[in-house]
Amino acid sequence: MNAPRLLIIGGVAGGATAAARARRLDERADITLLERGPFVSYANCGLPYFISQDITKRSKLLLQTAEGFDARYRVKVQLETEALELDRAGRRVRARGPEGETWLPYDVLILAQGGQPVMPPLPGIDAPHVFKLWTVPDMDRMHTFITEHAPKTAVVVGGGFIGLEMAEALARRGLSTSVVELAPSPMVNMDLEFGNLVARELRANGVQLFTGVGVKAVTKESVELSDGRTLPADLVLFSVGVRPELTLAKAAGLEVGASGGLLVDETLRTSDPHIFAAGDMVEVTQRVSGRKVRVPLAGPANRQGRIAATNALGGSMKYRGALGSSIVKVFHAAAGMTGLSERAARELGFDVGVATVHKEHHASYFPGGEQLSLKLVYDRKTTRLLGAQAFGKQGVDKRIDVLAMALHARATLEDLSELDLAYAPPFNTANDPINMAAFVGSNDVSGFSPTITAGALKAKLTQPSPPLVLDVRGRGEWAKGHLANALLLPVDELRDRLDEVPRDRELVVLDSNGFRGHLALRVLRENGVKSALNLTGGWLSLTAEGVDVEVG
Ligand code: FAD
């Protein structure tokens with residue numbers, strides 16, 4: 001049998017992984033990789049950290065060279081070579097490189113063309129001080145601009161993870177930085193209260209944040225917002241999303257899925273049996289919902305590249321879908337999520353339950369504890385975990401990764417209650433925040449300690465007959481901030497003041513984080529008050545959700 005001719009288009013996460021995997025599988029395969037840019041296999045996730053100068057050596061981002069790839073893998077890497085046309089019937093690709101145009105034949109083709117950052121057609125978008133950050137040349141352009149022009153002010157348009165990483169990078173380069181985000185909070189994939197925790201961290205570090213507003217135009221020295229405000233901007237970065245690179249695939253008649261990504265089956269085969277695809281350009285199954293989605297992240301792209309190469313060379317590996325696990329560093333904190341947000345789960349029609357805890361990331365008596373906020377989203381019918389979000393200065397990555405594993409294994413709240421996680425005081429508490437959140441969720445589902453979410457309480461507070469909020473915190477906490485019309489009943493006084501608790505009203509128990517509220521709720525229920533709900537996440541979640549607070 002002849003050696004298979006494998007052609008790969010795109011040479012970064014998905015494509016470079018596919019090429020290396022293909023070589024490890026088949027020493028005889030004739031492997032060619034086309035990359036339109038000047039670099040192969042570079043660390044695009046590291047680009048913001050060169051702008052921030054956390055990474056000072058640019059060469060650290062260039063993980064491989066064409067020569068290195070050839071030496072190690074015997075892969076013919078053709079840089080600055082763009083695939084222009086795909087002739088599926090003839091199984092060949094027309095490409096233009098430094099030496100002109102040529103047709104390259106293949107037996108099997110892998111598309112790993114990634115995506116393109118969206119640049120909205122706004123006045124001023126083409127000005128020399130307006131940037132995107134997607135490739136090494138984009139990064140070089142921005143770095144040179146900062147070095148040569150010493151801009152004083154920056155506006156980052158888009159509060160997603162690249163936008164936030166860049167806001168921090170620019171602030172750390174000394175620019176007075178603003179972020180403009182159309183949604184009500186940054187990190188739009190997260191629920192509002194977690195987005196607002198991110199917002200607080202940005203503001204605490206001097207970044208100005210403008211939410212719920214768009215950009216109308218860019219001028220030489222400013223950005224005009226859709227509400228008429230003007231922000232000074234010597235430098236503007238657009239980071240408002242990524243569109244899959246489908247020009248070639250569409251022109252060749254490959255099927256595109258409902259989510260707008262290239263359609264592939266479980267083996268990552270496209271609608272053409274000789275063509276596989278991987279990475280940001282494809283649509284995949286969301287593992288929790290089973291829906292088709294696009295998950296433009298590096299982990300899935302790398303793993304898909306591995307699977308696509310395996311199957312392109314005759315294997316039968318399956319890609320089981322993505323959870324969308326992600327994490328972003330925001331100054332001194334991190335925000336992470338996996339699976340479905342509460343909002344997404346509700347939109348999908350799940351009977352959604354939420355358990356939120358705010359707890360120190362390790363034993364409170366050991367120095368250096370930092371508050372960790374953790375939210376579990378679960379299906380009340382089956383108690384299956386649907387998703388999780390975390391925010392804090394320490395321990396976010398660990399919880400999100402454990403919970404990604406739990407989602408992978410379709411774990412329930414009972415499973416999470418019993419998770420046996422590593423503990424010693426410098427690392428954790430004897431009940432990990434995951435265990436605690438699972439206890440909260442299980443107590444909610446069983447009716448032992450039913451909860452209400454901060455979002456639901458906020459909505460109820462605006463209704464004509466809102467529930468009575470029993471604030472079971474201490475007087476000092478109350479004085480720093482409380483809800484209008486709430487009743488202060490510190491938990492330690494509750495048993496002696498039960499006659500003050502109305503029996504004919506809907507009641508919500510509120511404490512700082514939900515922990516004392518749980519105790520108060522049990523006291524109430526044991527004393528015949530059955531209508532009360534405990535606010536999950538307590539005051540911390542409610543204020544992160546955004547409510548009017550009275551002081552004094
Ligand atoms: P890409 O890595 O984009 O590679 C596609 C390549 O195909 C490109 O180099 C392109 O030039 C080439 N190409 C396209 N069309 C053609 C053609 N016709 N001919 C030849 N070549 C072509 N993800 C995370 O999970 N975590 C992070 O922290 C993270 N940070 C990021 C930070 C930045 C600044 C950026 C830009 C991305 C980040 N990502 C992150 C996303 C992650 O990098 C992508 O999901 C991943 O690179 C996608 O891999 P891919 O192979 O599908 O596409």
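The structure we're discussing is the one just above.
Criteria and cut-off values
Residues numbered from 1 in each chain as written. Predicted model: local features only at pLDDT ≥ 70, side-chain atom pairs only at ≥ 80, totals over all residues. Heavy atoms only, no water. Patch = residues over 30% accessible without salt bridge, like charges linked within 9 Å, V, L, I, M, F, W, Y side chains within 5 Å. Areas by Shrake-Rupley, 256 points an atom, 1.4 Å probe, with all protein chains shown as cover. Salt bridge = Lys/Arg side-chain N within 4 Å of Asp/Glu carboxyl O. Helix = DSSP H or I, 4+ residues; strand = E, 2+ residues; numbered from the N terminus. Contact = heavy atoms within 4.5 Å. Polar contact = N/O pair within 3.5 Å; in protein donor to acceptor, adjacent residues only side chain to side chain. Near = heavy atom within 4 Å. Nonpolar A, V, L, I, M, F, W, Y, C, P; charged D, E, K, R; others polar. Pairing = 2+ DSSP bridges. Axes fitted to C-alpha atoms, helices over the stretch in contact; angles between N-to-C directions. Parallel < 35°, antiparallel > 145°, perpendicular 65-115°, else oblique. Expected span 1.5 Å × (residues − 1). Buried < 20%, exposed > 50% of the residue type's maximum accessible area, 1.4 Å probe, protein only. Arc of directions from axis to C-beta. Core = buried A, V, L, I, M, F, W, Y, C linked by side-chain atoms within 4.5 Å.

Asker: Please give an account of a nonpolar patch on the surface that cites residues and values.
Answerer: On the surface, a cluster of nonpolar side chains totalling about 340 Å² of accessible area is made up of Tyr365, Phe366 and Tyr423. Within the secondary structure, phenylalanine 366 is located in the loop between strand 25 (352–360) and strand 26 (371–379).

Asker: Tell me about the environment of tryptophan 134, and please be specific about residues and values.
Answerer: Structurally, tryptophan 134 can be placed in the loop between strand 11 (130–131) and helix 4 (136–149). For the pair tryptophan 134 and proline 117, spaced 17 residues apart in sequence, the C-alpha to C-alpha distance is 7.0 Å. With sequence-adjacent residues up to four places away left out, tryptophan 134 is seen in contact with Tyr42, Asn44, Leu47, Gly115, Pro117, Ile162, Val242 and Asp280. One polar contact links the side chain of tryptophan 134 to the main-chain carbonyl oxygen of glycine 115, over a distance of 3.1 Å.

Asker: A description of the site of the ligand should follow, citing residues and the corresponding values.
Answerer: By nearness alone, 28 residues border the ligand, and Gly14, Glu35, Ala83, Asp280 and Ala298 come closest of all. A distance of 3.0 Å is found between an oxygen atom of the ligand and a side-chain nitrogen or oxygen belonging to asparagine 44. When isolated, the ligand has an accessible area of 1000 Å², and the protein chains bury 92% of it. Looking at the shell around the ligand, the elements with two or more residues in it are helix 1 (13–25), strand 6 (82–87), helix 5 (161–172) and helix 8 (298–312). Residue classes in the shell around the ligand are distributed as 16 nonpolar, 7 polar and 5 charged.

Asker: Please provide a residue-by-residue account of the sheet that holds strand 2 (residues 30–34), values included.
Answerer: Spatially, 5-2-1-9-20 is the arrangement adopted by the 5 strands of the open sheet, whose pairing is parallel. Each edge of the open sheet is held by one strand with a lone partner, namely strand 5 (75–78) and strand 20 (275–277). For this sheet, the mean inter-axis angle between neighbouring strands, taken without regard to orientation, is 20 degrees. For strand 1 (residues 5–9) and strand 9 (residues 108–111), the ladder comprises 4 bridges, and the chain directions are parallel. When the sheet's bridge partners are listed, isoleucine 9 is paired in strand 9 with leucine 111. In this fold helix 1 packs onto strand 1, strand 2, strand 5 and strand 9, with an angle of close to 170 degrees to the strand it touches most, strand 2.

Asker: Could you give an account of the packing of helix 6 (residues 192–204) against helix 16 (residues 538–545), naming the residues involved and the relevant values?
Answerer: Two numbers describe how helix 6 lies on helix 16: the axes approach to 8 Å, and their chain directions differ by 80 degrees. It follows that helix 6 is roughly perpendicular to helix 16 by the angle criterion. Residues Leu192, Glu193, Asn196, Leu197 and Arg200 of helix 6 form the contact with helix 16, whose participating residues are Ser541, Thr543, Ala544 and Glu545. When grouped by side-chain class, the residues that make up the contact of helix 6 with helix 16 number 3 nonpolar, 3 polar and 3 charged.

Asker: Can you explain the pairing of strand 6? Please cite residues and give values.
Answerer: The pairing of strand 6 with strand 7 (residues 92–97) spans 5 bridges and is antiparallel. Each residue of the ladder has a partner; that of alanine 83, found in strand 7, is alanine 95. Connecting strand 6 to the antiparallel partner strand 7 that follows it, the hairpin turn spans 4 residues, and arginine 91 within it adopts a positive phi of roughly 45 degrees.

Asker: Residues and numbers for helix 12 (residues 433–446), please.
Answerer: The terminal C-alpha atoms of helix 12 lie 20 Å apart, and with 14 residues this matches the ideal 20 Å at 1.5 Å per residue to within 8%. Most of helix 12 sits out of view: 10 of its 14 residues are buried. Listed in full, the buried residues belonging to helix 12 are Pro433, Ile434, Asn435, Met436, Ala437, Ala438, Gly441, Ser442, Asn443 and Asp444. Taken together, the buried residues of helix 12 touch strand 25, strand 26, helix 10 (396–408), helix 11 (413–417), strand 28 (451–452) and helix 15 (515–526). Put simply, aspartate 432 is the residue that caps the front of helix 12, since its side-chain oxygen is 2.7 Å from the backbone nitrogen of isoleucine 434.

Asker: Kindly report on unusual backbone geometry, identifying the contributing residues and their values.
Answerer: Located in the positive-phi region is arginine 91, a residue other than glycine, with phi close to 45 degrees. With respect to the helices and strands, the residue arginine 91 is situated in the loop between strand 6 and strand 7. Residue class for arginine 91 comes out partly exposed when judged on its relative accessible area of 29%.

Asker: Can you tell me about helix 3 (residues 66–73), naming the residues and giving the values?
Answerer: Those residues of helix 3 that sit buried are Ala66, Phe69 and Tyr73. The arc enclosing the buried residues of helix 3, seen along the axis, measures out at 65 degrees, which places them on a common side. Residues of helix 3 that are exposed and point over 90 degrees away from its buried face: Glu67, Ala71 and Arg72. Buried residues in helix 3 make contact with helix 1, strand 3 (40–42), strand 4 (62–64) and strand 5. Arginine 74 occupies a position one or two residues after helix 3 and carries a positive phi of about 50 degrees.

Asker: Hey, could you go over the nonpolar core for me, with residue numbers and the actual values?
Answerer: Judged by nonpolar contacts, the single largest core of 52 residues is most densely connected at Leu86, Val93, Leu109, Ile110, Leu111 and Leu262. No other element matches helix 1, which puts 5 residues into this core.

Asker: Please set out the sheet that holds strand 29 (residues 468–471) residue by residue, giving values where relevant.
Answerer: Read from one edge of the open sheet, 5 strands run 28-32-31-29-30, paired in parallel fashion. With one partner strand each, in any of the chains shown, strand 28 and strand 30 (487–488) form the two edges of the open sheet. Across 4 bridges, the pairing between strand 29 and strand 31 (residues 507–510) is parallel. Considered in strand 31, the bridge of aspartate 471 is made with leucine 510. Strands in contact with helix 15 are strand 29, strand 31 and strand 32 (532–535); relative to strand 32, the strand with the most contacts, it is inclined by about 175 degrees.

Asker: Provide a residue-level description of the pattern of salt bridges, including the pertinent values.
Answerer: Tallied over the full model, the rule gives 31 salt bridges. Between glutamate 82 and arginine 36 there is a salt bridge whose closest N-O contact spans 3.3 Å. With glutamate 82 in strand 6 and arginine 36 in the loop between strand 2 and strand 3, this pair connects stretches of sequence that are 46 residues apart. For arginine 36, a relative accessible area of 40% puts it in the partly exposed group.

Asker: How would you summarise the pairing of strand 16 (residues 222–225) if you had to cite specific residues and measurements?
Answerer: As paired elements, strand 15 (residues 215–218) and strand 16 share 3 bridges and run antiparallel to each other. When the bridges of strand 16 are listed, alanine 217 appears paired with glutamate 224. Once strand 15 ends, the chain turns through 3 residues before running back antiparallel as strand 16. Where strand 16 lies against strand 17 (residues 230–232), 3 bridges are found, and the strand directions are antiparallel. When the sheet's bridge partners are listed, serine 222 is paired in strand 17 with proline 232.

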